[in-house]
Amino acid sequence: MVKVITYGTFDLFHEGHYRLLERAKKLGDYLIVGVTTEEYDQARGKLNVIDSLMTRIENVKKTGFADEIVIEESAGQKFRDIKKYDVDIFTVGSDWVGQFDYLKDYCQVVYLERTKDISSTMLREQNKRIQRIGIIGTGRIARRFIPEAGRVSGISVQGVYNPHIESAAAFAKNYDINYYESLEQFFRAVDAVYIASPHETHYEYIKASLLQGKHVLCEKPMVLKKIQAEELFDCAKRRNLILFEGIKTAYCPGFEKLLGIACSGAIGSIKSIDACFTKLEDENSRELTDLQYGGSFLELGSYCMLPIMKLLGHEYERVSFDTVTGSNGLDILTKAYFKYPNALATVTCGLGVKSEGQLIISGTKGYILVEAPWWKTNYFEVRRENPGDVEKFSARFLGDGLRYELSDFLSMINGSAKSEFKLTRGESIKMAEIMEMFLAVKGEK
Ligand code: CTP
């Protein structure tokens, strides 16, 4: 019996896929089809796949050509599958010519002529209009955004706005995009807005954007008052617009995996979470000189609160803060303590104070340790009483990680999201409430 194997994503199943499978089947007697997981596609930079894994498998099944379907999870799997299934022929479309020649030592490699003028990418593009995104703010995070946006198909960075026109002009020149001298001009040119301006300006910019009918992705902390967060989410809902708080960790595949494992019972019932994020900053940076809106908690607190909100929920009984201030009175080290009915949590944020940035989730059967930079989750361990009993998990975290939130933002706008909001309205509102409490406590001192 001649065994043939082929692989693909098979998103938005089309004629090219059908013809490929038909010919692959004719190469032998038994056809194995590998269908990629979402995580593997993301890891190899294929974001915005629309159909779920189950749908893609179903579509391959429906052709009747596949005798067996396997799931492809990682780059090295093809070689292992060929040995495992005793495969005679490996085949893919001619877009891959030469790329799988290394398998020739193990089986025959056949590149089948690709069907012309059709691809999943083409269908995805036809399904939606390119979203023109505009950036408000020209700081460090805005600079990171541009290359990340280049990794997400379906988005084009249209231009930038900053009330300091020289900054906007310099930024625009650097990245070969437009800049606008007024917000009116800016809004006319874009479909969606990424807000990366100083924290205290977020509320006004989000409101203005929503009122102009624009979707909004806003850097964390989105706003610093609960009532503002509620008002903005209500406004977005009324206008059928997407409002996203950009905490990159919330959208990255490793963090999703971590939440899944933590909730699976692998460490029993969760009783404690300790999240620490510290950073050494230039003393003259805005974060360390803006006495009202700088400081460690406003800068880093959102990251640390995220796993707490996700795993313990919103309904804490009380929260309290302690801070250490620098010579200008700004908090350079903040600890927040959360008391839940059945669990405790701490947040440690340092700006100009360095510590071991770990995330530890403790339960009745063991704990999860995520070493720094846990906020770019790519590796974690589940540990138990027996020190030898360690389970290791890893996931890719590509580039600066903004591509994940952008990709989700885009899917939400296009109505093709596979899941609910990864960071919910309730979570963002709660975080705004805690920021507000922190600022109130700080104001009293
Ligand atoms: N294929 C083909 N003819 C096409 C499109 C795809 O023969 N017009 C083949 C590919 O070469 C591959 C298989 O179908 O062997 C699965 O391809 P996949 O990457 O899932 O499809 P694409 O349409 O190429 O997807 P994308 O645009 O996302 O790259």
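Coordinates for the structure precede this section.
Described below are features of the structure shown in this document.

Reading the values: the criteria
Residues numbered from 1 in each chain as written. Predicted model: local features only at pLDDT ≥ 70, side-chain atom pairs only at ≥ 80, totals over all residues. Heavy atoms only, no water. Near = heavy atom within 4 Å. Polar contact = N/O pair within 3.5 Å; in protein donor to acceptor, adjacent residues only side chain to side chain. Areas by Shrake-Rupley, 256 points an atom, 1.4 Å probe, with all protein chains shown as cover. Helix = DSSP H or I, 4+ residues; strand = E, 2+ residues; numbered from the N terminus. Nonpolar A, V, L, I, M, F, W, Y, C, P; charged D, E, K, R; others polar. Pairing = 2+ DSSP bridges. Axes fitted to C-alpha atoms, helices over the stretch in contact; angles between N-to-C directions. Contact = heavy atoms within 4.5 Å. Salt bridge = Lys/Arg side-chain N within 4 Å of Asp/Glu carboxyl O. Buried < 20%, exposed > 50% of the residue type's maximum accessible area, 1.4 Å probe, protein only.

Digging into the site of the ligand
- Among the 19 residues in the neighbourhood of the ligand, the closest are listed as Asp95, Thr115, Ile118, Ser120 and Thr121.
- Measuring from an oxygen atom of the ligand, one finds a backbone N or O atom of Gly93 at 3.0 Å.
- Backbone polar atom of Thr115 to a nitrogen atom of the ligand: 2.8 Å apart, as the coordinates give it.
- Relative to its unbound accessible surface of 570 Å², the ligand loses 93% to contact with the protein.
- Sorting the residues of the shell around the ligand by element identifies helix H1 (15-26), strand E4 (89-93) and helix H5 (120-127) as the ones contributing at least two each.
- Each residue belonging to the shell around the ligand can be placed in one class, and the counts come to 5 nonpolar, 10 polar and 4 charged.

What to know about the sheet that holds strand E9 (residues 192-195)
- Pairing within the open sheet is parallel, and its 6 strands lie in the order E8-E7-E6-E9-E10-E11. With one partner strand each, in any of the chains shown, strand E8 (178-180) and strand E11 (243-246) form the two edges of the open sheet. On average, each strand axis in the sheet is tilted by 25 degrees relative to the strand beside it, whichever way the strands run.
- Of the strand pairs in this sheet, strand E6 (residues 131-136) and strand E7 (residues 155-161) are connected by 6 bridges, and their pairing is parallel. Bridge pairing in E7 places Ile133 opposite Val157.
- Those strands touched by helix H15 (residues 402-414) are E6, E7, E9, strand E10 (215-219) and E11, and its axis lies near 160 degrees from that of E10.

Digging into the pattern of salt bridges
- Throughout the structure, instances matching the rule amount to 26 salt bridges.
- Between Arg44 and Asp41 there is a salt bridge, and its shortest N-O distance comes to 2.8 Å.
- The class of Arg44 is partly exposed, set by a relative accessible area of 35%.
- For Asp41, a relative accessible area of 1% corresponds to the buried category.
- Among the ionic pairs, Arg383 bridges to Glu381, the shortest N-O distance being 2.9 Å.
- With relative accessibility at 27%, the residue Arg383 sits in the partly exposed group.
- For Glu381, a relative accessible area of 13% corresponds to the buried category.

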